[in-house]
Structures are given as structure tokens and as C-alpha cells.
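Now for the letters of each chain:
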Amino acid sequence: MTATSKQILVFDRIVRSTHWLIAVGIVATWFTRHARGAWHEWLGYGVAAVLLLRLLWGLIGSRHARFADFMQSPLATIRYARKWWAGTAPRFLGHNPLGGWMIVTIWTTLAVVLVTGYLFTTDRWFGIEWVIETHAISTWVLLGLIPIHVIGVLLASYRDREHLILAMIHGRKPEVIDGQTDPSGTSAIKPR
Ligand code: HEM
Ligand code: HEM
């Protein structure tokens, strides 16, 4: 039987809104890639602005928004993955260490897409084959990472018996599930 406790706020408004804005922005930028006018570029600049805000928030934001909260060393992440596989991994209120690396990989790939897209609009880099090729290839890598990310979210939701998609919408998670809480202790963040 699954015993869950009260719901507490884990992901603040900036984490949630930047997540969905980046997701929608990537889809919109993709669909305008051959559109007439500068829609593609302007949507891309919008995504870049939201990404910059989210990265800044990773330094100064609320507890589970911070890199320091969800980034662990590669060794600790491998240890976590082994435990996850064996079904003995501790529960994390914020992103778990595997999720943390996935998130940073997505952000880094997105940054490559954005920078190469921008470079291609400048006099210095326009028309250079490898620039637009890197833009296209990094886009494909990004489009490959997204379904892996969503599958990871669904698997983690199933394994940890919590609804992560809802958590990314309203920001709350059960404080304790089956007696398991965050290894670093629990506390709700201040509403923002
Ligand atoms: C273009 C599409 C997407 C991108 C680039 C993306 C990227 C990300 C990133 C970077 C994070 C970390 C959030 C943060 O701390 O700011 C994240 C978390 C999350 N994403 Fe997405 N995402 C995408 C689509 C989706 C979709 C379609 C879903 C749901 C079906 C989803 C569900 C989630 C959830 C539940 C989390 C929190 C996971 C956790 O608790 O560790 N994402 N995503
Ligand atoms: C989420 C962000 C973005 C995605 C997913 C994306 C994706 C793509 C893709 C798939 C192409 C087609 C490449 C090809 O024809 O081989 C493209 C073309 C291009 N992108 Fe982006 N892009 C993004 C952001 C940007 C940004 C920020 C800029 C510039 C400010 C930009 C500028 C361009 C330009 C100039 C082209 C060439 C258009 C053409 O062939 O007429 N992109 N982009």
C-alpha cells in the first residue's frame, strides 16, 4: 500500500513557467524553421531569454531550482543509478541526480542550437557550412533528448509513485511517500 503525506511546494513559479515556455518555444521555433520572415529567429531569441533566466535562477533561485540542489558528481550519479535499478534508491524531492544530468545536457544542447543559430545571422559567420550544420545537428540531438526526458519522467513517476507531470504544473509533491523523504531533509519552499 502506498502511504503518501501532505503536499508541499517544491518547484517555484519560475522553474515551472520557464520549463513550459522553453518546451513550447522549442516546438514553435522548430515549426517556423523554414517560415518566411524572422519568426524563427525571434522565437529563438525568446527561448534564449527564458533559458538565461532559468540558468540565473539555478544560482539564486529557491532550493530545488538550484544547481547545487540537483547536481551530483558522476560517481555519485552512477551509484544512484545502480540503486535506482535495484529499487533501493533514496527519494529526492527536487530532481534526482540522473534527472539533474539530463537537465544540464538538455540546456547545453539548447545553448549550442541557440548560439549557432545566432552566429548564422551575423556577417562574420553567415554562409559557413559547419555553423548551420551544427545548428541542424544539435537540433536533432535536442529532439532526441526530449522523448528520453519524458520517458525518464514517466519511469520516475511510476517507480517513486508520484505524479511528476502534475508537480511541474502546480509545483507540489507529497512530502513523504512510504516513509521516504528527501535524503537532505524536507521543507517546503516559500511560495513565489
Ligand atoms: C521541448 C520539450 C521539453 C524540454 C526541453 C524539457 C526540459 C526540461 C528541463 C530542462 C527540466 C528541468 C526543469 C527545471 O529545473 O527548470 C525538466 C523537468 C521536467 N519536465 Fe520537461 N522538458 C520538455 C518537455 C516535457 C514534457 C512534454 C513533459 C511532460 C509530459 C515534461 C515533464 C517534466 C517534468 C515532470 C519535470 C520535472 C522532473 C523532475 O521532477 O525531476 N517535460 N524538463
Ligand atoms: C530552439 C531553438 C532553435 C531551433 C530548434 C532551431 C532549428 C532550426 C532548424 C532545424 C533549421 C533548419 C536547418 C537546415 O536547413 O538544415 C534552422 C535554420 C535556421 N535557424 Fe534555427 N533554430 C533555433 C533557434 C535559432 C535562433 C536563435 C536563430 C538566430 C537568431 C536561428 C537562426 C536560424 C537560421 C538563420 C536558419 C537558416 C534558415 C534558412 O535556411 O533559411 N535559429 N533552425
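Rules and cut-offs
Residues numbered from 1 in each chain as written. Chains lettered and ligands numbered in written order. Predicted model: local features only at pLDDT ≥ 70, side-chain atom pairs only at ≥ 80, totals over all residues. Heavy atoms only, no water. Donors = N, O, S within 2.8 Å, 3.2 Å for Na, K, Ca; no water. Tetrahedral: all angles 85-135°; square planar, octahedral: opposite > 155°, others 65-115°. Helix = DSSP H or I, 4+ residues; strand = E, 2+ residues; numbered from the N terminus. Buried < 20%, exposed > 50% of the residue type's maximum accessible area, 1.4 Å probe, protein only. Axes fitted to C-alpha atoms, helices over the stretch in contact; angles between N-to-C directions. Parallel < 35°, antiparallel > 145°, perpendicular 65-115°, else oblique. Contact = heavy atoms within 4.5 Å. Core = buried A, V, L, I, M, F, W, Y, C linked by side-chain atoms within 4.5 Å. UniProt positions renumbered as here; feature names shortened; annotations may be inferred. Left-handed = near helix turned anticlockwise from the far one by under 90°. Nonpolar A, V, L, I, M, F, W, Y, C, P; charged D, E, K, R; others polar. Near = heavy atom within 4 Å. Polar contact = N/O pair within 3.5 Å; in protein donor to acceptor, adjacent residues only side chain to side chain.

**Student:** What is the right way to read the coordination of the iron atom of ligand 2 from this model?
**Tutor:** The textbook angles at a metal center are 109.5 degrees for a tetrahedron of four donors and 90 or 180 degrees for an octahedron of six. Every protein donor of the iron atom of ligand 2 is listed here as His40 (NE2) and His135 (NE2), and their distances to the metal cover 1.9 to 2.0 Å. Because the angles between the six donor atoms bound to the iron atom of ligand 2 fall within 85 to 179°, the donor set is best described as octahedral. Residue His40 is located in helix α2 (residues 39-60), and its partner His135 is located in helix α6 (residues 129-160); the two are separated by 95 residues in the primary sequence. For the residue pair His40 and His135, the accessibility class agrees, reading buried in each case.

**Student:** Help me out: how do you make sense of the coordination of the iron atom of ligand 1 in this one?
**Tutor:** Summarising the metal site, the iron atom of ligand 1 is bound by the protein donors His19 (NE2) and His149 (NE2), whose distances to it range over 2.0 Å. The exposure class of His19 is partly exposed, given its relative accessible area of 25%.

**Student:** Sorry if this is basic, but what is going on with the packing of helix α4 (residues 74-86) against helix α5 (residues 97-119) here?
**Tutor:** For the pair α4 and α5, interaxial distance at closest approach is 8 Å and the crossing angle is 125°. In terms of axis orientation, α4 runs oblique to α5. Residue-level inspection shows Pro74, Thr77, Tyr80 and Ala81 of α4 in contact with α5, the latter providing Pro97, Leu98 and Trp101.

**Student:** I keep staring at the nonpolar core and nothing clicks. Help me out?
**Tutor:** When a protein is soluble and globular, its nonpolar side chains tend to lie buried together. Ile22, Leu51, Trp107, Leu110 and Leu142 are the most contacted members of the largest nonpolar core, which has 15 residues in total. A total of seven residues in this core trace back to one element, the largest contributor, which is α5. With nine residues, the next largest nonpolar core counts Phe11, Val15, Leu93 and Met168 among its residues.

**Student:** Sorry, what's going on with the UniProt feature "domain: Cytochrome b561 bacterial/Ni-hydrogenase" (unreviewed entry) in the chain here?
**Tutor:** Here, UniProt's "domain: Cytochrome b561 bacterial/Ni-hydrogenase" (unreviewed entry) annotation points to residues 10-171. Secondary structure content for residues 10-171 is 74% helix and 0% strand, while the C-alpha to C-alpha distance between its ends is 6 Å.

**Student:** What is the right way to read the packing of α5 against α6 from this model?
**Tutor:** Where α5 contacts α6, the two axes come as close as 8 Å, and the packing angle between them is 155°. Judged by the angle between their axes, α5 and α6 are roughly antiparallel. Between α5 and α6 lies a crossing whose hand is left-handed. Contact residues: Met102, Thr105, Ile106, Thr109, Leu110, Val112, Val113, Thr116, Gly117 and Leu119 in α5; Val131, Thr134, His135, Ser138, Thr139, Val141, Leu142, Leu145, Ile148 and His149 in α6. In the contact of α5 with α6, the residues fall into eleven nonpolar, nine polar and no charged.

**Student:** Please clarify how the site of ligand 2 should be interpreted in this entry.
**Tutor:** The immediate surroundings of ligand 2 are formed by 19 residues, with Thr29, His40, Tyr45, Gly117 and His135 found nearest. For ligand 2, a nitrogen atom lies 2.7 Å from a polar atom in the side chain of His40. Between His135 and ligand 2, the recorded distance is 2.7 Å, taken from a side-chain N or O atom to a nitrogen atom. Put simply, the parts of the chain that give the shell around ligand 2 at least two residues each are α1 (13-31), α2, α5 and α6. When residues of the shell around ligand 2 are assigned to their parent elements, the largest contribution, five residues, is made by α5. Here the shell around ligand 2 is built from residues that sort into nine nonpolar, eight polar and two charged.

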